[in-house]
Structures are given as C-alpha cells and as structure tokens.
Amino acid sequence: MWLVAVSVPLIPVVIMAFSRYGGLFTALCHRALAWTHRVLLRRKVCVRSTHAYVFSNCTHGKVDSVLETFDLYGNTHPSLSISPQMFVKNGCSSTAPLFLYLWPVPAAVLDEAVMRVRPSLVLELGMHCGYSSVRLLRLLPPAGRLVTVEVDPVTAELGEEILLVAGFKHSQFQVLTSSSARAIPTLRPHVGADKGASEGFGLVLMDHDPQQYLPDLIALEREELLSPSGCTILLINRTQRHG
C-alpha cells in the first residue's frame, strides 16, 4: 500500500519524462533488444536448435540432403550458417594469398573457391553449426582433409556429429576444441612434421572472431602453415547485413 502511495506522485514526472525523451528511450530499448538478440543468436541456443532440426529432418549419409535441410532451416529461423547467396567485396592477385571478403552468404562462391583452388588441406576457424564444414568436405579430393577449430565445446561436438551424419569419416576431418590463437601453434603435425616438407593449407576459412583475423593470419604465416604454392583466405564478416 505504501508503495502505491509513494508511486502516485511520481506518475506526472514519469509521463513528462517519457513525453520529452520517449524517442530516445524507445531507441535505447530497440538497441538493447537488438544487442540481446545478437548475443543469444551466437550462443548454443541457435546451434542446438539448428542441429536438432538437421539431425531429425535430413537423410543420414546424404550430403546434399544435409545441406538442403540446413537451407530449409535458415529460410525460417535465425541461423549462423552461411546462406546460399553471396557476394565478394574485394580480391587480389592469385600469385599471392588471395583475400576474398565474404558477407554472410557464401554457398556458391565458397564452392567456386574450393573448386578453383582444389586444396587437399583446408583449415576452418569457427565451425558454428557445421554447414560450411560440410560444403568444404564434399568438394575435397579423396585424400583431402579438413581441420576445423571451434572454441565452444558444445558447438564443436554438435558440429562434428553433423559431419558424421553427412557421411564423412574421421579420417577426412579433425575438430579441434580450442581458441584459434592456441590452436594455430599446434597445427604443425596436420601439415607435416618438417617445415621443409610441409604441404600447408591451400585454403583457410575464417568465420570466428573478426578481431582475430589479422593476428591469426600473421600467426599462420609465422608458423609457415600456408601452402608455399599459394593459399586462398576467405573472411566472413557477420557484422554486415545485406537484404
């Protein structure tokens, strides 16, 4: 009762404040909600729900069915998967590492890059729901391998299960549960024990923390993990939205 008595005199003040600053208050609320949505989107909720949908609705052992189910889910739910559309912002000469700045979208261009480069060894930083991992693996040669690094243990476990559901074998891929900064110095055994005989990664997909893109690229070069004959670097920028 006393709370009501104290609150009633404040009503005019609240009304006046809202009438004067209502627009600002509404904008702040929208920003707060948008931030909360982005945070939740990147957490396990999205990964778990995507995994459950794909696992339950795809035909196990069929790569195309897994990708189609991912796309069906992405049409009606927020998802961290790369979508079927794509565009490239920039590029550089193929005589040096090629940088393609990709916005959330790459399916067709990701496929095109893999088919053009024909790498036998691929590094993926940021596994998310496993969609891009499946796309990459299905285009690698029989002896090709994918090494994917994912910092979140639950995401790594669910993503690995999706790869197995798609029909891939452990001999074709390895999922490392670690931050990219910690994983990169340990990748030597995956590209050859001897730096002089190292095959190196022919393609690197960076879809993790954008602030780590440059430090990780420098670390990859320092550790001589990139293919001496050339390497394609694909960068996903999830801070931009188009359409």
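Quick note: structure is the one above.
Summarised in this report is the structure supplied together with it. Sequence order as written defines the numbering, with residues in each chain counted from 1. The predicted nature of this model means local features are confined to residues of pLDDT at least 70 and side-chain atom pairs, given and counted, to a pLDDT of 80 or more, with totals for whole chains, interfaces and linings taken over all residues. To get the side-chain values, all heavy atoms of the structure are used, and hydrogens and water are removed first.

### Digging into the overall build of the chain
To be explicit about the condition: Runs of E in the DSSP output that reach at least two residues are strands. Runs of H or I that reach at least four are helices, and both are numbered from the N terminus. Think of it in three bands: with a 1.4 Å probe and only protein chains considered, a residue is buried below 20% of the maximum accessible area for its type, exposed above 50%, and partly exposed in between. Contact definition: two residues touch when any of their heavy atoms are within 4.5 Å. Accessible areas in this description were obtained via Shrake-Rupley with a 1.4 Å probe; residue shielding takes into account the shown protein chains only.
Within the chain one finds ten helices and six strands. Taken over 243 residues, the chain has a buried fraction of 42%. Restricting to contacts in the chain with at least 6 residues of sequence separation, those with at least 24 account for 70%. As displayed, the chain has an accessible area near 13400 Å², and 61% of this comes from carbon and sulfur atoms.

### Brief notes about the packing of helix α4 (residues 63-76) against helix α6 (residues 131-139)
When two helices pack together, their arrangement is given by the angle between their axes and by how far apart the axes lie. Put simply, the rule is: Only the stretch in contact is used when a helix axis is fitted, and all axes are lines through C-alpha atoms; the angle between N-to-C directions ranges over 0 to 180 degrees. Orientation categories follow fixed angle ranges, with anything under 35 degrees roughly parallel, anything over 145 roughly antiparallel, 65 to 115 roughly perpendicular, and all other angles oblique. Each crossing gets its handedness from the near helix: less than a right angle anticlockwise from the far helix is left-handed, clockwise is right-handed.
The contact between α4 and α6 brings their axes to 10 Å, and the two run at 150°. Compared by their axis directions, α4 and α6 come out roughly antiparallel. The interaxial crossing formed by α4 with α6 has left-handed handedness. Contacts between α4 and α6 involve Val63, Asp64, Val66, Leu67, Phe70 and Asp71 on the former and, on the latter, Tyr131, Val134, Arg135 and Arg138.

### Some points on the pattern of salt bridges
Note the cut-off: One speaks of a salt bridge when a side-chain nitrogen belonging to Lys or Arg is within 4 Å of a carboxyl oxygen belonging to Asp or Glu.
One pass over the structure, following the stated rule, counts two salt bridges. Arg135 is the salt-bridge partner of Asp111, the closest N and O atoms lying 2.5 Å from each other. In this pair, Asp111 sits in helix α5 (residues 107-117) while Arg135 sits in helix α6, placing the two residues 24 residues apart along the sequence. A relative accessible area of 9% means that Asp111 is categorised as buried. A single network of salt bridges, built from pairs that share partners, joins Asp111, Arg135 and Arg138.

### A short note on the environment of Met115
Position of Met115 relative to the elements: it lies in helix α5. Distance from Met115 to Leu136, taken between C-alpha atoms, is 9.8 Å for residues 21 residues apart in sequence.

### Considering the nonpolar core
Worth spelling out the cut-off: Throughout this description, the term nonpolar core refers to a set of buried Ala, Val, Leu, Ile, Met, Phe, Trp, Tyr and Cys residues connected via side-chain atoms within 4.5 Å.
With 56 residues, the main nonpolar core has Val66, Leu123, Val134, Phe201 and Val204 as its most contacted residues. It is helix α7 (residues 153-165) that contributes the most residues to this core, five residues altogether. Sequence-distant contacts of Phe201, that is, excluding residues within four places in its chain, are made with Leu121, Val122, Leu123, Val147, Leu187, Val191, Leu225, Leu226, Ser227 and Cys231.

### Some thoughts on α7
Put simply, the rule reads: A helix is expected to reach a length of 1.5 Å times the quantity of its residues less one.
Helix length check: α7 (13 residues) gives 18 Å between terminal C-alpha atoms against 18 Å at 1.5 Å per residue, within 8%. In the stretch just after α7, Gly167 is the one whose phi turns positive, near 105°.

### Some words on the pairing of strand β4 (residues 173-177)
Remember that side chains alternate between the two faces of the sheet whenever the strand is regular. Counted only if it meets this: The rule for pairing is simple: two strands pair if DSSP sees at least two bridges between them. Look down the strands so they point away from you; if the path from the first strand over the helix to the second goes clockwise, the crossover is right-handed.
Bridge count for strand β3 (residues 145-150) against β4 is five bridges, and the pairing is parallel. From the neighbouring strand, Glu150 faces β4, where its bridge partner is Thr177. One crossover worth recording links β3 to the parallel β4 by way of α7, and it is right-handed.

### Some thoughts on the environment of Arg135
Stated formally: Polar contact is the term for a pair of N or O atoms within 3.5 Å; when the atoms are in protein, one must be able to donate a hydrogen and the other to accept it, and sequence-neighboring residues count only if both atoms are side-chain atoms.
On the basis of relative accessibility, which here comes to 9%, the residue Arg135 falls in the buried class. Placed 72 residues apart in sequence, Arg135 and Val63 show a C-alpha to C-alpha distance of 8.5 Å. With residues up to four places along the chain from it excluded, the contact list for Arg135 reads Leu67, Ala107, Leu110 and Asp111. Reaching out from Arg135, the side chain makes a polar contact with the side chain of Asp111 at a distance of 2.5 Å.

### Some words on the packing of aromatic side chains
Where we set the bar: Only the six-membered ring of Trp is used, alongside the rings of Phe and Tyr, when aromatic pairs are assigned; centres must lie within 6.5 Å, and planes under 30 degrees apart are stacked while those over 60 apart are edge-to-face, with the rest tilted.
Applying the stated criterion across every chain, the model contains two aromatic pairs. Consider the rings of Tyr53 and Tyr73, whose centres lie 5.2 Å apart with planes at 55°: the pair is tilted. With Tyr53 in helix α3 (residues 44-57) and Tyr73 in helix α4, this residue pair connects regions lying 20 residues apart in the sequence. Ring centres of Phe70 and Tyr131 lie 5.2 Å apart, and the angle between their planes is 80°; this geometry places the pair in the edge-to-face category. Taken together, the residues span a long stretch of sequence, with Phe70 in helix α4 and Tyr131 in helix α6 at a distance of 61 residues. You'll find Phe70 and Tyr131 in the same group, each marked buried.

### Here's the deal with unusual backbone geometry
With a phi close to 50°, Arg118 is a non-glycine residue in the positive phi region. Positionally, Arg118 belongs in the loop between α5 and β2 (121-125). The backbone of Glu224 shows a phi angle near 55°, a positive value even though the residue is not glycine. By the secondary structure assignment, Glu224 is in the loop between α10 (213-222) and β6 (232-236). Judged by relative accessible area, which is 44%, Glu224 ranks as partly exposed.

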